[in-house]
Amino acid sequence: MGPDAVLWRPEDLMLYEYDALSSVTQPQAVVFPTSTDQVVGIVKIASQAKLPVVARGAGTGLSGGAVVTEGGIVIVTSRMKKILEIDLENRRARVQPGVVNLDLSLAVSDEGYYFAPDPSSQKACTIGGNVAENAGGPHTLAYGVTTNHVLGLEAVLPSGEVIHTGGTYWDRPGYDLTGFIVGSEGTLGIVTEITVRLCRKPEAVKTLLAVYDAVVGATRSVAAITARGITPAALEMMDGFTLRAVEEATHAGYPMDSAAVLLIEVEGLREAAEENAEAVEEVCRENCAREVRRAKSAEERDLLWRGRKNAFGALGRISPSYYVQDGVIPRTRLPEMLEFIEQVGKLHQLRIGNIFHAGDGNLHPLLMFDARDKDQSQRVLKAAEAILTKCVEMGGSITGEHGVGIEKRDLMPLIFSDDDLEMMGRLKAVFNPRGDLNPGKLLPAGRMCGELRVQVSQGGEV
Ligand SMILES: Cc1cc2nc3c(=O)[nH]c(=O)nc-3n(C[C@H](O)[C@H](O)[C@H](O)COP(=O)(O)OP(=O)(O)OC[C@H]3O[C@@H](n4cnc5c(N)ncnc54)[C@H](O)[C@@H]3O)c2cc1C
């Protein structure tokens, strides 16, 4: 691969000790392949040297997926960034995994198309990372998550075998291996090519900002909008604490004195979008919105979204550290959940901001703390666990889109039975029998019975 494609000095490796969750351990080497063949070569060398392998896109993952837990080789896909094919007639594209999410939409924008999954990190994160995490975003409510936009994959298995799953159209016969690999967090194979669906841009988009003096009005509006039979393309909520931090950083035009705002987008044919925007406005006012504004131009729309999409960064300005949680609840229980989060904040003496993909009940409580203070750090972890446990009690889940990684693997038993986890472990072992691809992620420690059995039978170390 050449000397410029490998990092091995400790000071260079330090940059790959962490992702957007936290820092763990240093890898032995970081490599930057440009092709599938090179990935095969690296995986074979790693296997001979009995070194774990971890794939990494942009390292924006929030659950510690792209860091090594026991040393090994990190394969970074940032040089695998070619858009290999754009086929607008069939509305699809074939890309290498290191293509940045937004770059694909920009490449087809002039022709009136885009790639629908739009994580707030879309300016940086890669499509390979989106596939591995089954990433969502503000527009998940109407368009679904990454898996709904992936038609086929090429992946390199730890053995060095290259497999092709799915294809160029929906509904292929046989097992849905594409669906199995999407969301597998780099534990089954290294994705080296992705065929995605492209969407046609809507004829009209209406972006509304509903402003509330009490949070409860905003949470009630969320349920009321969908109860009215309207599915907005996006339905986002920020509480007063968060929006003030965002406004100070981005000057997006959010009212500093409000208790909460909803950012709502409806789209479609011009008349339908207008009708839905009017209906949404009415529902928000019925639920105590003091004001409902509409973006009057593309610039105003961009500004409102810039505020929302840069929210995490804005909070970094007001707190030395913050912990972004990612849970899911039925959207009808948002008012109750917000009250619970407030109580948790009081109990653990923490400031907690709230930013939600409210339409699909995907919460992102932001817990402010100072990582240098051990006691605060412990309180943050306890508070986060209480919030996630409550999500499960309410019939939700421990993650909506940020994945399990190392962060939540020990919480998996909250939503899966021993039998469920055992089956997942066995399925993983078919692809990754020695467990050397992204070890220590996704499945709780000691639950990967299938993997352990295979290791024993192959005489490997357990
Ligand atoms: C400010 C901010 C906002 C965010 N907003 C959202 C959001 O709205 N929605 C959302 O879903 N997420 C969001 N995220 C989380 C993150 O951006 C996504 O999970 C994203 O998909 C990760 O992409 P990445 O390229 O950075 O992957 P990385 O962090 O590098 O890796 C993530 C996981 O994917 C695996 N992986 C990477 N490439 C491959 C490959 N080629 N083959 C196999 N496995 C691979 C890694 O091993 C790891 O397990 C946000 C993060 C930040 C920092």
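Here is what the cut-offs are and how they apply
Residues numbered from 1 in each chain as written. Predicted model: local features only at pLDDT ≥ 70, side-chain atom pairs only at ≥ 80, totals over all residues. Heavy atoms only, no water. Domains from an automatic or database assignment. Buried area = accessible area lost by both parts, 1.4 Å probe. Salt bridge = Lys/Arg side-chain N within 4 Å of Asp/Glu carboxyl O. Polar contact = N/O pair within 3.5 Å; in protein donor to acceptor, adjacent residues only side chain to side chain. Core = buried A, V, L, I, M, F, W, Y, C linked by side-chain atoms within 4.5 Å. Buried < 20%, exposed > 50% of the residue type's maximum accessible area, 1.4 Å probe, protein only. Helix = DSSP H or I, 4+ residues; strand = E, 2+ residues; numbered from the N terminus. Contact = heavy atoms within 4.5 Å. Pairing = 2+ DSSP bridges. Axes fitted to C-alpha atoms, helices over the stretch in contact; angles between N-to-C directions. Nonpolar A, V, L, I, M, F, W, Y, C, P; charged D, E, K, R; others polar. Near = heavy atom within 4 Å. Areas by Shrake-Rupley, 256 points an atom, 1.4 Å probe, with all protein chains shown as cover.

A.B. asks: Outline the domain arrangement of the protein chain, listing residues and values.
C.D. replies: As assigned here, the protein chain comprises domain 1 (1–201 + 408–422), domain 2 (204–313) and domain 3 (319–402). Counting the surface domain 1 buries against domain 2, the share from its top three residues, Pro138, His139 and Leu141, is 53%. Our enumeration of links across domain 1 and domain 2 arrives at one salt bridge. Put simply, Asp118 and Lys309 hold a salt bridge, and the shortest N to O gap is 3.3 Å. Here domain 1 and domain 2 share four residue pairs in polar contact (both at pLDDT 80 or more) between them.

A.B. asks: Help me get a handle on the nonpolar core, residues and values and all.
C.D. replies: In globular proteins that are soluble, nonpolar side chains generally tend to be buried together. Leu262, Ile264, Cys284 and Met337 are the most contacted members of the largest nonpolar core, which totals 42 residues. Ranked by the residues each element gives to this core, the list is headed by helix α12 (residues 334–347), at six residues. Composition of this core by domain shows at least three residues from each of domain 2 (204–313) and domain 3 (319–402). Setting aside chain neighbours within four positions, we find Ile264 in contact with Lys206, Thr207, Leu208, Ala210, Ile225, Pro232, Ala234, Leu235, Val280 and Cys284.

A.B. asks: Can you lay out the pairing of strand β5 (residues 83–87) for me, pointing to particular residues and giving the numbers?
C.D. replies: Where β5 meets strand β6 (residues 92–95), four bridges bridge the pair, whose relative direction is antiparallel. Across the sheet, Glu85 pairs through a bridge with Arg94, a residue of β6.

A.B. asks: Please set out helix α8 (residues 240–250) residue by residue, giving values where relevant.
C.D. replies: Regarding α8, the residues found buried are Gly240, Thr242, Leu243, Ala245, Val246, Glu247 and Thr250. In this structure, the buried side of α8 is in contact with β13 (234–239), β14 (260–268), α10 (298–309), α11 (311–315), β18 (352–357) and β19 (362–369). A positive phi of about 50 degrees marks His251, the residue just after α8.

A.B. asks: Any details on the packing of helix α7 (residues 215–227) against α12? Residues and values, ideally.
C.D. replies: α12 packs onto α7 with a crossing angle of 145 degrees between their chain directions and a minimal axis gap of 8 Å. Contacts from Val215, Val216, Thr219 and Val222 of α7 reach α12 at Leu334, Pro335 and Leu338. Of the residues belonging to the contact of α7 with α12, the class tally is six nonpolar, one polar and no charged.

A.B. asks: Explain the site of the ligand residue by residue, including any values.
C.D. replies: Within the structure, the ligand sits among 35 residues, and Ala55, Gly57, Thr60, Ser121 and Thr126 are positioned closest to it. Measuring from an oxygen atom of the ligand, one finds a side-chain N or O atom of Thr126 at 2.7 Å. At 3.3 Å, a backbone N or O of Gly129 approaches an oxygen atom of the ligand. Against a free-state accessible area of 980 Å², the protein chains account for coverage of 95% of the ligand. Broken down by secondary-structure element, the contributors of at least two residues to the shell around the ligand are β3 (53–56), α4 (127–133) and β10 (190–197). If you tally residues by element for the shell around the ligand, the top one is α4, at five residues. Residues lining the shell around the ligand come from more than one domain, with at least three contributed by each of domain 1 (1–201 + 408–422) and domain 3 (319–402).

A.B. asks: A description of the sheet that holds strand β4 (residues 73–76) should follow, citing residues and the corresponding values.
C.D. replies: With mixed pairing, the four strands of this open sheet are ordered in space as β1-β2-β4-β3. Edge strands, defined here as strands with exactly one partner in the open sheet, are β1 (6–7) and β3. Two strands pair when backbone bridges link them, and strand β2 (residues 29–31) and β4 are joined in this way by three bridges, in the parallel orientation. Each residue of the ladder has a partner; that of Ala29, found in β4, is Ile73.

A.B. asks: Talk me through the pairing of strand β8 (residues 150–156); I want residue IDs and the actual numbers.
C.D. replies: Burial analysis of β8 places seven of its seven residues in the buried class, which makes it a mostly covered element. Sheet topology places β8 next to β10; six bridges connect them, and they run antiparallel. Looking across to β10, one finds that Glu154 is bridged to Glu193. Bridge count between β8 and strand β9 (residues 162–166): five bridges; the pairing is antiparallel. Across the sheet, the residue bridging to Val156 is Val162, located in β9. As consecutive antiparallel partners, β8 and β9 are separated by five residues, and within that stretch Gly160 has a phi angle of approximately 95 degrees, a positive value.

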